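# Close look at the chain arrangement
Listed below are the residues making up each chain.
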Amino acid sequence: MIRRYPELAHDRPWIVGMHIWKLADFRTASTLGRAGGINDKGVFTRDRRPKLAAHYLRERWGGGAPAGSERCTWVEHEHC
């Protein structure tokens, strides 16, 4: 999913930006749907170690497009 959202946004000129909703995992109350009391939707673990999603986003937004892609970087976006 995390790979698909930037692709979809790139193809829609009316979308002008994106952000990560949950940066890191965090402890929460244990419930039936969340065993162990951890919300693990972040791109970093609770102790801020990067997950695969963080590596992808860094590649995507932090200095260039993914390898093999002809998409622009965020800096060059006005010229695409």
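Reading the values: the criteria
Residues numbered from 1 in each chain as written. Predicted model: local features only at pLDDT ≥ 70, side-chain atom pairs only at ≥ 80, totals over all residues. Heavy atoms only, no water. Helix = DSSP H or I, 4+ residues; strand = E, 2+ residues; numbered from the N terminus. Buried < 20%, exposed > 50% of the residue type's maximum accessible area, 1.4 Å probe, protein only. Contact = heavy atoms within 4.5 Å. Areas by Shrake-Rupley, 256 points an atom, 1.4 Å probe, with all protein chains shown as cover. pLDDT = per-residue confidence, 0-100. Core = buried A, V, L, I, M, F, W, Y, C linked by side-chain atoms within 4.5 Å. Arc of directions from axis to C-beta. Salt bridge = Lys/Arg side-chain N within 4 Å of Asp/Glu carboxyl O.

### What to know about the overall build of the protein chain
If you tally the helices and strands in the protein chain, you get two helices and two strands. Secondary structure elements in the protein chain, listed N-terminal to C-terminal, are α-β-β-α. The buried share of the protein chain, taken over its 80 residues, is 21%. For the protein chain, the share of sequence-separated contacts (at least 6 apart) that also reach a separation of at least 24 residues comes to 22%. When the accessible area of the protein chain is evaluated, it comes to approximately 6,500 Å², of which 56% is carbon and sulfur surface.

### Some remarks on the confidence of the model for the protein chain
The share of residues in the protein chain with pLDDT of 70 or more is 76%, and the mean pLDDT across the chain is 76. Predicted confidence is poor over residues 65-69, with pLDDT under 50, and the contacts of this stretch with residues over four places away or in other chains come to seven contacts. Overall, residues 71-80 carries pLDDT values under 50, and its contacts beyond four positions in sequence, including any with other chains, amount to twelve contacts.

### A word on the nonpolar core
Counting five residues, the largest nonpolar core consists of V43, A53, A54, Y56 and L57. Not counting the four nearest positions on each side in its chain, V43 is found in contact with I2, I20, K22, L23, P50, K51, A53, A54 and L57.

### Here's the deal with unusual backbone geometry
Residues other than glycine seldom take positive phi values, yet R48 does so here, at roughly 70°. Mapped onto the elements of the fold, R48 is located in the loop between β2 (38-39) and α2 (52-61).

### Quick look at α2
Within α2, burial applies to A53, A54, Y56, L57 and R60. Here the buried residues of α2 occupy an arc of 160° about the axis, which is enough to place them on one side. Facing away from the buried surface of α2 by more than 90 degrees, the exposed residues are L52 and R58. Each element contacted by the buried residues of α2 is listed here: α1 (4-10).

### Side note on the pattern of salt bridges
Here the structure, examined in full by the defined rule, presents three salt bridges. For E7, the salt bridge is made with R4, and the minimal N-O distance between the two is 3.3 Å. With a gap of three residues between them, E7 and R4 both fall in helix α1, about one helical turn apart. Exposure remark for E7: the relative accessible area of 26% places this residue in the partly exposed category. One salt bridge connects R49 with D47, and the closest N-O pair in it is separated by 3.0 Å. By relative accessible area, which is 49% here, D47 ends up partly exposed.

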